[in-house]
Amino acid sequence: MRKNVLITGASSGLGAGMARVLAAKGHHLALTARRVDRLEALQAELLADHPDIKVVVHALDVNDHDQVFAVFKRAIVDLGGLDRVIVNAGLGKGGRIGTGKFEANKQTAETNFVAALAQCEAAMEHFYERKSGHLVVISSMSAMRGMPSAMTTYAATKAGIALLAEGIRSDLIGRKGLDIKVTTLFPGYIASEMHEGIQQEARMMVDTETGCRALVKNIEREVVDAAVPTWPWAPIGQVMKHAPLSIVRRMV
Ligand SMILES: NC(=O)c1ccc[n+]([C@@H]2O[C@H](COP(=O)([O-])OP(=O)(O)OC[C@H]3O[C@@H](n4cnc5c(N)ncnc54)[C@H](OP(=O)(O)O)[C@@H]3O)[C@@H](O)[C@H]2O)c1
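Conventions adopted
- Residues numbered from 1 in each chain as written.
- Predicted model: local features only at pLDDT ≥ 70, side-chain atom pairs only at ≥ 80, totals over all residues.
- Heavy atoms only, no water.
- Near = heavy atom within 4 Å.
- Polar contact = N/O pair within 3.5 Å; in protein donor to acceptor, adjacent residues only side chain to side chain.
- Helix = DSSP H or I, 4+ residues; strand = E, 2+ residues; numbered from the N terminus.
- Nonpolar A, V, L, I, M, F, W, Y, C, P; charged D, E, K, R; others polar.
- Salt bridge = Lys/Arg side-chain N within 4 Å of Asp/Glu carboxyl O.
- Buried < 20%, exposed > 50% of the residue type's maximum accessible area, 1.4 Å probe, protein only.
- Pairing = 2+ DSSP bridges.
- Axes fitted to C-alpha atoms, helices over the stretch in contact; angles between N-to-C directions.
- Contact = heavy atoms within 4.5 Å.
- Expected span 1.5 Å × (residues − 1).
- Disulfide = S-S within 2.5 Å.
- Core = buried A, V, L, I, M, F, W, Y, C linked by side-chain atoms within 4.5 Å.
- Parallel < 35°, antiparallel > 145°, perpendicular 65-115°, else oblique.
- Left-handed = near helix turned anticlockwise from the far one by under 90°.

This part covers the site of the ligand. Surveying the vicinity of the ligand reveals 30 residues, the closest of which are Ser11, Arg34, Tyr154, Ser192 and His195. The side chain of tyrosine 154 places a nitrogen or oxygen atom 2.6 Å from an oxygen atom of the ligand. Between the ligand and glycine 188 there is a distance of 3.0 Å, counted from an oxygen atom to a backbone nitrogen or oxygen. Breaking the shell around the ligand down by element, the ones donating at least two residues are helix H1 (13–24) and helix H5 (152–172). Here the shell around the ligand is built from residues that sort into twelve nonpolar, 13 polar and five charged.

Let us now look at the pattern of salt bridges. Counted under the stated rule, the structure contains eleven salt bridges. Between glutamate 193 and arginine 38 there is a salt bridge; the shortest N-O distance is 2.8 Å. Here glutamate 193, found in the loop between strand S6 (179–187) and helix H6 (208–221), pairs with arginine 38, found in helix H2 (residues 36–49); they are 155 residues apart in sequence, far enough to count as distant. Where glutamate 103 meets lysine 106, a salt bridge forms, and the shortest distance between an N and an O atom there is 3.9 Å. Pair noted here: glutamate 103 and lysine 106 are both in helix H4 (residues 102–130), with a separation of three residues, about one helical turn. Overall, glutamate 103 belongs to the exposed group, its relative accessible area being 52%. You can call lysine 106 partly exposed: its relative accessible area is 30%. Salt bridges sharing common partners tie together Arg2, Arg84, Asp179, Lys181 and Glu222.

Moving on to the sheet that holds strand S1 (residues 4–8). Taken together, the seven strands give an open sheet; going across it, the order is S3-S2-S1-S4-S5-S6-S7, and neighbouring strands pair in parallel fashion. Since the sheet does not close on itself, it has two edges, and those belong to strand S3 (55–59) and strand S7 (225–228), each with one partner. The mean angle between the axes of side-by-side strands here comes to 15°, regardless of whether they run parallel or antiparallel. Where S1 and strand S4 (residues 84–87) come together, three bridges link them in parallel fashion. Residue pairing in the sheet places valine 5 in a bridge with arginine 84 of S4. Lying over the sheet, H2 contacts strand S2 (28–33) and S3, oriented at roughly 180° with respect to S3. Sitting on the sheet, H6 touches S4, strand S5 (132–138), S6 and S7, and the angle it makes with S7 is about 170°.

In a regular helix each residue adds 1.5 Å, so 21 residues correspond to 30 Å; H5 covers 31 Å between its end C-alpha atoms and thus fits that length. Along H5, the positions that sit buried rather than exposed are Thr153, Tyr154, Ala155, Thr157, Lys158, Ile161, Ala162, Leu164, Ala165, Ile168, Arg169 and Leu172. On its buried face, H5 is in contact with H4, S5 and S6. Once H5 ends, the next one or two residues include glycine 174, with phi positive near 80°.

Here we take up the state of the cysteines. In the structure shown here, the tally under the stated rule is zero disulfides. With no disulfide of its own, cysteine 212 lies closest to cysteine 120 among cysteine sulfurs, the gap being 19 Å. Taking the relative accessible area as the measure of exposure, cysteine 212 reaches 0% and is therefore buried.

Another aspect to go through is the nonpolar core. Among the nonpolar cores identified, the biggest contains 32 residues, and Ile7, Met18, Leu29, Leu31, Ile86 and Leu185 are the most heavily contacted of them. For this core, the elements supplying multiple residues, two or more each, are S1, H1, S2, H2, S3, S5, H6 and S7. By residue number, the principal contributor to this core is H1, which donates seven residues. Aside from chain neighbours lying at most four places away, what touches isoleucine 7 is Gly15, Met18, Ala19, Leu22, Ala30, Leu31, Thr32, Ile86 and Asn88. Formed by 31 residues, the second largest nonpolar core is a distinct cluster that contains Ala75, Ala89, Ile180 and Val182.

With that settled, the discussion passes to the packing of H4 against H5. At a closest axis distance of 9 Å, the pairing of H4 and H5 adopts a crossing angle of 15°. Viewed along their axes, H4 and H5 adopt a mutual orientation that is roughly parallel. Judged by the twist between their axes, the crossing of H4 over H5 is right-handed. Facing Asn105, Thr108, Ala109, Asn112, Phe113, Ala116, Leu117, Cys120, Met124 and Tyr128 of H4, the residues of H5 in contact are Thr153, Tyr154, Thr157, Lys158, Gly160, Ile161, Leu164, Ile168, Asp171 and Leu172. The residue inventory of the contact of H4 with H5, partitioned by class, reads twelve nonpolar, six polar and two charged.

Next comes the structure, spelled out in structure tokens:
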């Protein structure tokens, strides 16, 4: 069992939801995010429900890359090594390219891609050292194709981290004596703060608990990649990959 798990962006949504599911399965957790009050409340809840596990929390802005490496090192000491890292922190700000939204688009690009790179570097350094570990990257169904309007930069970052993960996986091929796996998850719509106030997605949205159980199921299977939940997102993903762009832009 990959016992010790670090999750970034664990203060809400999918990060907090996966922490709840993993805690119930007996994992020790290192939870990070900027909103430490939220992390501390989650820590208290998890320890009350599951007194046998360890839960440590650390303030972390993933855009402070030195802090990413430092916090991962502290979590390694706290838990006596990390078996799995879930690169989850992300945001969905943005606007159509060419409409003066560069700052929002840049913030999304930096948080979802450059900061994810820092997290992957810090995790893989540790996994290579101990010859074992599981890197999990939370991409998105939007990574299947170029997306219009406010989603353009977001989708590009999610496609970028999926290829980043695939490249890391490629580095592991043929390396004997390493038990290191890399999983890329492509969530569809799972209820979280990211969707607050957005109505049109509701019909295909699952609640946070259902979505996080499906995420954890795929994580524990250590799949190479998966659309989550499988239905309806695996078939939708196939359509998205092959349909004309004029149709894809109406699917999101
Ligand atoms: N929900 C979905 O349907 C869906 C679908 C596809 C992909 N995803 C992906 O799932 C991941 C989690 O999103 P969510 O839906 O759970 O949204 P959410 O509820 O808004 O959670 C986002 C998390 O990321 C953290 N975060 C954002 N910027 C950060 C920063 N600079 N440093 C550290 N942490 C930061 C937030 O923590 P703080 O603000 O406390 O720092 C929060 O814990 C994201 O990568 C998102 O792209 C979600």
